[in-house]
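# Descriptive analysis of the structure
Now for the letters of each chain:
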Amino acid sequence: MTMSGGAAPPVLVETPDLDAGTGGPQRIQRRWGRRVLTGFCVLVFLWLFAPLINIVAFTFNRPLGRRNLTWNEFTLENWAQPFKDVTLTSAFLRSLLVSAVAVSIALVLGSLMAIALARYRFSGSKVTEVFLVLPLTTPEIVMGASLYQLFLNRNVTLGFSTIVIAHIMFCVSFVALTVKARVRGFDWTLEDAAMDLGSSPWRTFRKVTFPLILPGILAAALLSFALSLDDYIITDFTKGEYVTFPIQVNNQFKISFPPQVNVLATMILVVSVLLLVLTSLREDRSSVVGR
Amino acid sequence: MGMLSPGVIWLLLFFLVPVLILVKASLSSTPRRFIPPTFSWDWSNYTAAFSQYQPQFVRSFGYAGTATILAILIGYPLAYWIATQGGRFKNLLIGLVVVPFFISYLIRTIAWTSILSDNGPFVGLYRLLPWVGSDGRLLATPWAVIGGLTYNFISFMILPIYVSLEKIDFRLTEAAADLGSTAWHAFRKVVLPLSMPGVFAGSLLVFIPAAGDYINTYYLGSAKTTMIGTVVQDQFLKQQDYPQAAALSMVLMVIITTMVLIYSKFLGTEGLAV
């Protein structure tokens, strides 16, 4: 899920201009092949964006009944009152809180694991790596169900803390693997150099190690925040009475689907896209400086 | 290994231990209703899992398998196009692939119900097809569920394939062309084999969440499209038949973990951590 391509491989050679010179049935065939491919990809992008277009368009709809799923007429009312549905807004704030707490803790635990794994070879590192991958390759429903059994056996009341525990669990793996992928090939002798020059271990970490792993940590933070905010299945099993945003949307869907859901979703979309653009600009700049 | 242990301990406590508890629960039995299950090496939950819930298992793996194949057929050409034709817009285009996934998975799925609904924009066109009657529906069909699964998890296919294609030195295809190979032949013999790790990783990353999903079938399907996730969720949170639900989860987990272990044996764990 490295979306903004932090580790873009060096471009070895410009793609040769295969169209140079015309003629030859093969070249014509190849050009047609490329046109078909481009057309196909445009269609795929339309498909990928269809629900988004639907969601954004329906923020401007005045719903006929209680469910904003059929187009009626244009209105700006929903944007004038984005937080009108109080249960929805408070569920959204609860989701933000869960994700903020879970991601902060997972970032610390996961980054430490990533550094340890990338830096030291030790017996059992292979096993640890497989162990790290397992939570990502286990169906969410199995993890949710097993946590549910654990909490039930220990008579733990389900709620905020159990959701956070569950979210940390899947975020830790995710952070550790993302950060590890980015610090691979990192020159650890820089740390020795700093210490040889009289820097204390803490200062070395702060001035040398941390700035170098920061882009990886930022990417991991952004992605695991998105995963946590969006999580439905594991939260379904660990939620108790604590209702997060996706759970609230699902709970009230049978009765109502207010346009404020679309407005909130559109807001998340805009903020995420801005963050994506900002981080990719940052990475472009740092990679230029790095060279 | 002070740095490693906090994370490892967390995963032991909240991943491994719960799974073991689930194993134990799956071998327990409930003599009477409303009495907590006791451990008794009771394998009947497993036999029931196969005899009673076979249709749901078949559907889950069938839908997830079809969604995975569709994701390859749609995702591979897109990743290839971005990697080879993207030029300086590569990062932007890959960013665009990910943007839809910033909107909640649940809300995206609900948006599909609006698009595919009987009042939606496409059902009219669909009914014009010669083999579809005037009462044809897009929503509440197996294909709507498969489409939802494909849509919701396709970025997990596109990204690993893109990463593996990006690593390829496309001078190799030039070399192949110079040696008299046709474009298709060069693709099949050079590019495709080199990008297979991405395809395998993507297949696992799409298949696994799809097989355990119960949201898509709930919103886009009908009572005839229930999957194993639906049953597990229902048994745990509504019926509270824990031993049976645990056995169903374990069967799902064992099948999937076997696939993952075979994968990591041959290709390592690197590709799964995109």
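Residues numbered from 1 in each chain as written. Chains lettered and ligands numbered in written order. Predicted model: local features only at pLDDT ≥ 70, side-chain atom pairs only at ≥ 80, totals over all residues. Heavy atoms only, no water.

### Considering the confidence of the model for chain A
All names here are of chain A. Looking at chain A, pLDDT values average 84 and 87% of them are 70 or higher. Mean pLDDT across the elements of chain A ranges from a minimum in helix α11 (residues 259-290), with 75, to a maximum in helix α9 (residues 233-238), with 94. Long-range and interchain partners of residues 1-22, a stretch whose pLDDT sits below 50, account for 33 contacts in this model, where long-range means more than four residues apart. Within the model, pLDDT remains below 50 along residues 287-291, and this stretch shows zero contacts once partners closer than five positions in the same chain are excluded. (pLDDT = per-residue confidence, 0-100. Helix = DSSP H or I, 4+ residues; strand = E, 2+ residues; numbered from the N terminus. Contact = heavy atoms within 4.5 Å.)

### Overview of unusual backbone geometry
Even without a glycine there, the phi angle at Asn155 of chain A is positive, about 55 degrees. For Asn155 of chain A, the location among the structural elements is in the loop between α5 (140-153) and α6 (160-183). Taking relative accessible area as the criterion, Asn155 of chain A reaches 70% and is therefore assigned exposed. Notably, Gln240 of chain B is not glycine yet its phi reads approximately 55 degrees, a positive angle. By the element assignment, Gln240 of chain B lies in the loop between α12 (228-239) and α13 (242-267). (Buried < 20%, exposed > 50% of the residue type's maximum accessible area, 1.4 Å probe, protein only.)

### Examining the pattern of salt bridges
Oppositely charged side chains can pair when the atoms bearing their charge come close. The full count for this structure, using the stated rule, is eight salt bridges over all chains. Overlapping salt bridges, with partners in common, bring together Arg62, Glu73 and Glu77 of chain A in one network. (Salt bridge = Lys/Arg side-chain N within 4 Å of Asp/Glu carboxyl O.)

### Overview of the nonpolar core
Ranked by size, the top nonpolar core spans 153 residues in total, and within it Phe45 and Leu48 of chain A together with Leu78, Ile82 and Phe236 of chain B carry the most contacts. For this core, the two domains that each supply at least three residues are domain 1 (23-85 + 258-291) and domain 2 (86-240) of chain A. Contact partners of Phe236 of chain B, with chain neighbours within four places excluded, come to Ala145, Tyr148, Gln149 and Phe237 of chain A together with Leu22, Tyr242, Ala245, Ala246 and Ser249 of chain B. Leu107, Ile115, Val179 and Phe186 of chain A belong to the second largest nonpolar core, which has 13 residues in total. (Core = buried A, V, L, I, M, F, W, Y, C linked by side-chain atoms within 4.5 Å. Domains from an automatic or database assignment.)

### So, the packing of aromatic side chains
Taken as a whole and assessed by the stated rule, the structure comprises 32 aromatic pairs over all chains. What links up through ring pairs into an aromatic cluster is the set Tyr76, Tyr80, Phe170, Trp184 and Phe187 of chain B. Looking at Arg67 of chain A, its charged tip hangs above the ring of Phe253 of chain A, at a distance of 4.2 Å from the centre. Its end group placed over the ring of Tyr242 of chain A, Arg94 of chain A keeps NZ or CZ at 5.7 Å from the ring centre. (Phe/Tyr/Trp six-rings, centres within 6.5 Å; stacked < 30°, edge-to-face > 60°. Lys NZ or Arg CZ within 6 Å of the ring centre and 35° of its normal.)

### Describing the interface of chain A and chain B
The interface is formed by 87 residues belonging to chain A together with 91 residues belonging to chain B. Close ionic contact of Arg108 of chain B with Asp230 of chain A constitutes a salt bridge, the shortest N to O distance being 3.8 Å. Counting across the interface, chain A meets chain B through 11 residue pairs in polar contact (both at pLDDT 80 or more). Of the residues belonging to the side of chain A that touches chain B, the class tally is 63 nonpolar, 16 polar and eight charged. (Polar contact = N/O pair within 3.5 Å; in protein donor to acceptor, adjacent residues only side chain to side chain. Nonpolar A, V, L, I, M, F, W, Y, C, P; charged D, E, K, R; others polar.)

### What about the packing of helix α2 (residues 44-52) of chain B against helix α3 (residues 54-85) of chain B?
Residues and elements named next belong to chain B. Put simply, α2 and α3 touch, their axes get as near as 5 Å, and they point 70 degrees apart. In terms of orientation, α2 and α3 fall into the roughly perpendicular class. Residues Ala49, Phe50, Ser51 and Gln52 of α2 lie in contact with α3, whose contacting residues are Gln54, Pro55, Gln56 and Phe57. Of the residues belonging to the contact of α2 with α3, the class tally is four nonpolar, four polar and no charged. (Axes fitted to C-alpha atoms, helices over the stretch in contact; angles between N-to-C directions. Parallel < 35°, antiparallel > 145°, perpendicular 65-115°, else oblique.)

### A short note on the confidence of the model for chain B
Residues and elements named next belong to chain B. In this model, chain B carries a mean pLDDT of 88, and residues with pLDDT of at least 70 account for 96%. By mean pLDDT, the top-scoring element of chain B is helix α7 (residues 142-153) (96), and the lowest-scoring one is strand β2 (residues 38-39) (79). The complex prediction reports pTM at 0.86, with the ipTM value standing at 0.89.

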